[in-house]
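Summary of structural features
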Amino acid sequence: MASSSTSSIHKIFKYDVFLSFRGEDTRTNFVDHLYHALKQKSIHTYKDDEEIKKGENISDELIGSIENSKFYIIVFSKRYASSSWCLNELVKIMECQKSNEHTAYPVFYDVEPREVRKQEGAVADAFYDLQNKEAAGIWREALKEAADLAGWELKNTADGSESDWHEAKFIRKIVEVLSLELRSISFNIDEKLVGMETRIENLIPSLGIGCDDVRMIGIKGMGGGGKTTLARAAFDHISFQFEGTSFVENVREKASFSGLNSLQKQVLSDVFNEDMRVSSVFDGKRMMKRRIPNRKVLVVLDDVDDINQLEALAGEPNWFKAGSVIIITTRDEQVLVAHRVKFIHDVNLLSYEEAICLFSRFAFGIDIPIQGYEELSRQVVHYAADLPLTIKVLGSFLCGKTDLEWIDALERLKTIPETQTLKKLELSYISLEEDYKEMFLDVACIMKDWLKDEAIKALEYCGFHARNGLKVLEQKSLITIYKNFYYDGDCLGMHDRIVEMGRNIVRRGHLDEPHNHSRLWIKDEIEEILANDLGTKATRCIRFHSVKFNPHIFIKGLRKMKELRFLSVFGVSSSDLEFSMAGSDFPNALRYVDWTYYPFSSLPTMFQANNLVALKMVRSRIVQLWEGGESKVFNKLRFLDLSFSRLSTIDLGLTPNLETLTLHYCDDLLELHMTAGCLKLTSVDIEGSRLRTLDLGMTPNLGKLNLQESCCLEELHMANKWKLDNTGTLHKSCVTSL
């Protein structure tokens, strides 16, 4: 059984800093200023008059607080050594300092290190009344050890004025050092920061730290991919360098519930460390433009999804003082582009090694899987892919469960996805326009890994504005475009969890009724629906790939799918016999048909093809488009590919709006008729044809004619002049009639 206890990888302290000081010397001046400077930088600091609660044992409280503090600042003043209370604190601090878990820094406030080390001068005077006490030897040794540590020295001149260091600068230096120390520690104790150091290093150059301009940086990526974590890590990494900071989480959500003026109030209150009143968005803009330019700030706006949010919270660079940095996280790149953000950073998802480490921290409390759970951990990480959110959720869920419970959970994930991640991912989908939602679902269920150009054509043939739609999906981090060197082109990529989210959207309304799903892609479900005549109007798209199936049952089962617009079939029929078209039909709503190895000799007689835009039947048994030589016109057909078919004759007069014709190696093709002009035809590819005569007639827009390996061609008639390239392809050289 996996351990249910999650041991801490590094000790986590209650306090970041413990302040040790002589109250009557420094409480109301230096220590008070230092305490508030630390507090402003979110450094949790123990200061006795702030933390000791009435009625508690002070001594025990102080000892516990010292043990539960990571850093100690010991403020040595002239009368520090006169207090046995301070000296006992110091002894305990130096005892803790000897371990590697604590670090002490001395501050020499108007005394020199030598005076503390040897108890000379003012320190000797202060220590005079205690020098004969039983603990005097221990106190002397503690003073010596503390004075030998690296720290800071603040001197006053003879007239009481400060010399090289102004007190404010002195305090700023202390806070800066502690911020750096705590930042380094946070990388080690925060399980969210697996692999974050490298990501921070990649982001830092874009932040322009030290530059004189106002830098706005966008961090974009899919939901659950680590944008907020990276922004938080960057914030913690550099915040000490700014005069004011604000981290505004969940801008999208908070803006919708409490309004943008509440977020403006948060930014102003954070930056100036005081409560602000913002009555309206206009009032907030006015206040930000008037006040923030006086202070160098770091502002993080997390999960922005609308340009109005940026206009209200970071309207123009002149709202901010030179050197300020504004970090914006979003799923939608267009929001950044619209706001003229020049530096846009893609968040890098986890490597396999990082994913295993992150998962192990949540599941086992260590950096690697415990013995016996290596393979199960690998399977979980493979399912979660490289999404930090999914990995953390699954790690927490599986912590303490038995191996059988792990196996059961993995099996469940195959059919019922992990909902917490899907809900976060779905926010990007919800914000889409309706036609873009349809395109997204088509890609998730049907077109993932398609060549981009092929997907654009298919979507356009189905009535979508595909180029713009795919661009929107890419900007919202729902798809990616990647280079496929095998096909030598750009392809549509989609993260596995986003695919899962899209398919879950399709299925969840009718979990056990696939015949009521808008898209079908699972072989067994499709076969059951068609074999049992369960088709409904709900189905819009089918992608069916099978090694063996009965095409007659398949096509007959399509009859009730009256709204089917997309059909992609790839598979060899279960018999080599010729199939009868009796009882067969295609829904007339079909716009795109791609059926490789189509087993019939023609299209179904009852198919009207009124809406058909693309017909692709490669390696089919088709001999003629319509049975019995019927002359039915395809009024909307723009794309026709019958390559490697048994086609014997074709009349392009049936396709008046055809744009692309592809007939590779149709060995039986003897006649290609053009009884009427094809005014929209732009490309004809009859590579490997055995045609003897080709008359292109009236084709004023024809720009490409591929005749490679068409060795039987004897006569070619065309109305335009052409030139031949070195591949055997003819290209139009001009439009002058012969």
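Heads up: these notes are all about the structure in this document. If you're wondering where the values come from, they're calculated on a predicted model, not measured in any experiment.

1. Observations regarding the sheet that holds strand β9 (residues 325–330)
In space, the five strands of this open sheet follow the order β7-β8-β9-β6-β10, with parallel pairing throughout. The sheet is open, and its two borders are formed by β7 (244–248) and β10 (343–346), each paired with just one other strand. Taking the axes of each pair of neighbouring strands and ignoring which way they run, one obtains an average angle of 15° across the sheet. Bridging between strand β6 (residues 215–220) and β10 involves four bridges; their strand directions are parallel. The residue bridging Lys220 from the neighbouring strand is Asp346, located in β10. Where helix α12 (residues 251–258) meets the sheet, it contacts β7 and β8 (297–304), and its direction lies at approximately 80° from that of β8. Strand contacts of helix α13 (residues 260–272): β7 and β8, with the helix running at about 150° to β7, the strand carrying the most contacts.

2. Remarks on the packing of helix α18 (residues 374–384) against helix α19 (residues 388–398)
Interaxial distance between α18 and α19 falls to 9 Å at its minimum, and their mutual angle equals 145°. Crossing hand, α18 versus α19: right-handed. Every residue of α19 that contacts α18 at Val380, Tyr383 and Ala384 is listed here: Thr390, Ile391, Leu394 and Leu398. Classifying every residue of the contact of α18 with α19 gives six nonpolar, one polar and no charged.

3. A short note on the nonpolar core
By size, the foremost hydrophobic cluster in this structure holds 55 residues, and its most contacted members are Phe554, Leu558, Leu567, Phe586, Trp595, Met617 and Leu663. Those residues in contact with Leu663, other than ones at most four positions away along the chain, are Leu642, Ser643, Leu647, Ile650, Leu669, Leu672, Asp685, Ile686 and Glu687. By size, the runner-up hydrophobic cluster in this structure holds 43 residues, among which are Cys445, Ala458, Met494 and Tyr592.

4. Description of the side chain of Arg199
By the secondary structure assignment, Arg199 is in helix α10 (residues 196–207). A polar contact is formed between the side chain of Arg199 and the backbone oxygen of Asn348, at a distance of 3.0 Å. Here Leu349 takes part through its backbone oxygen, which lies 2.9 Å from a polar atom of the side chain of Arg199. If we ignore the near neighbours within four places in the chain, the residues touching Arg199 are Val194, Leu230, Asn348, Leu349, Leu350, Ser351 and Glu354.

5. Regarding the packing of α10 against helix α11 (residues 227–238)
Here α10 crosses α11 at 70°, and the two axes come no closer than 10 Å. On the basis of their axis angle, the class for α10 and α11 is roughly perpendicular. The segment α10 lies against α11, with Met196, Arg199, Ile200, Leu203, Ile204 and Leu207 engaging Thr229, Leu230, Ala233, Ala234, His237 and Ile238. Counted by class, the contact of α10 with α11 contains nine nonpolar, two polar and one charged residues.

6. Side note on the pattern of salt bridges
Tallied over the full model, the rule gives 38 salt bridges. Between Arg114 and Glu120 there is a salt bridge, with its nearest N and O atoms 2.4 Å apart. A relative accessible area of 39% places Arg114 in the partly exposed class. On the basis of relative accessibility, which here comes to 28%, the residue Glu120 falls in the partly exposed class. Salt-bridge contacts for Arg286 lead to Asp283; the nearest nitrogen and oxygen are separated by 2.2 Å. Within this pair, Arg286 and its partner Asp283 are both found in helix α14 (residues 281–291), separated by three residues, close to a single helical turn. One continuous salt-bridge network, built from bridges that share partners, spans Glu438, Asp442, Arg519 and Arg565.

7. Structural notes on unusual backbone geometry
Even without glycine at this site, Asp533 takes up a positive phi of about 55°. Along the chain, Asp533 falls in the loop between α26 (523–531) and β14 (541–549). Backbone geometry at Tyr597 places phi at a positive 70°, although glycine is not the residue there. Here Tyr597 lies in the loop between β16 (592–596) and β17 (614–616). The exposure class of Tyr597 is partly exposed, given its relative accessible area of 34%.

8. Regarding the pairing of β6
Burial of β6 is extensive: six of the six residues sit out of reach of the surface. Of the two faces of β6, the one lined by Arg215, Ile217 and Ile219 and the one lined by Met216, Gly218 and Lys220 are each fully buried. In this structure, β6 lies alongside β9, joined through six bridges in parallel fashion. Considered in β9, the bridge of Met216 is made with Ile326.

9. Quick notes on the sheet that holds strand β5 (residues 152–154)
Overall, parallel pairing links the five strands, which are arranged β2-β1-β3-β4-β5 in an open sheet. The open sheet has two edge strands, β2 (45–46) and β5, and neither has a second partner. Inspection of the sheet shows strand β4 (residues 103–109) paired to β5 by three bridges, in the parallel sense. Its bridge partner lying in β5, Phe108 is registered against Glu153.

10. Here's the deal with helix α25 (residues 496–507)
Compared with an ideal rise of 1.5 Å per residue, which puts twelve residues at 16 Å, α25 spans 16 Å between its outermost C-alpha atoms and is within 8% of the ideal. Where burial is concerned, most of α25 is hidden: nine out of the twelve residues are buried. For α25, the full list of buried residues reads Arg497, Ile498, Val499, Glu500, Met501, Gly502, Asn504, Ile505 and Val506. Summarising the contacts, the buried residues of α25 are in contact with α18, α19, α20 (403–415), α21 (419–430), α22 (434–447) and β13 (519–520).

11. Focus on the environment of Leu298
Looking at the element boundaries, Leu298 is found in strand β8. A relative accessible area of 0% means that Leu298 is categorised as buried. Counting along the chain gives 27 residues from Leu298 to Val325, while the straight-line C-alpha distance between them is 4.9 Å.

12. Details of α22
Over its 14 residues, α22 extends 18 Å from the first C-alpha to the last, a length consistent with the 20 Å expected when each residue adds 1.5 Å. Buried residues dominate α22, accounting for eleven of its 14 residues. Restricting attention to buried positions, one finds in α22 the residues Tyr436, Lys437, Met439, Phe440, Leu441, Asp442, Val443, Ala444, Cys445, Ile446 and Met447. Remark: Asp449 follows α22 within two positions and exhibits a positive phi of approximately 75°.

13. Re the packing of aromatic side chains
For the coordinates displayed, the defined rule picks out 32 aromatic pairs. With a centroid separation of 4.9 Å and 0° between ring planes, the pair formed by Phe566 and Tyr592 is classed as stacked. Linking Phe566 in strand β15 (residues 566–573) with Tyr592 in strand β16, this pair joins segments that are 26 residues apart in sequence. Each member of the pair, Phe566 together with Tyr592, is buried.

The rules behind the values
Residues numbered from 1 in each chain as written. Predicted model: local features only at pLDDT ≥ 70, side-chain atom pairs only at ≥ 80, totals over all residues. Heavy atoms only, no water. Pairing = 2+ DSSP bridges. Helix = DSSP H or I, 4+ residues; strand = E, 2+ residues; numbered from the N terminus. Axes fitted to C-alpha atoms, helices over the stretch in contact; angles between N-to-C directions. Contact = heavy atoms within 4.5 Å. Left-handed = near helix turned anticlockwise from the far one by under 90°. Nonpolar A, V, L, I, M, F, W, Y, C, P; charged D, E, K, R; others polar. Core = buried A, V, L, I, M, F, W, Y, C linked by side-chain atoms within 4.5 Å. Buried < 20%, exposed > 50% of the residue type's maximum accessible area, 1.4 Å probe, protein only. Polar contact = N/O pair within 3.5 Å; in protein donor to acceptor, adjacent residues only side chain to side chain. Parallel < 35°, antiparallel > 145°, perpendicular 65-115°, else oblique. Salt bridge = Lys/Arg side-chain N within 4 Å of Asp/Glu carboxyl O. Expected span 1.5 Å × (residues − 1). Phe/Tyr/Trp six-rings, centres within 6.5 Å; stacked < 30°, edge-to-face > 60°.

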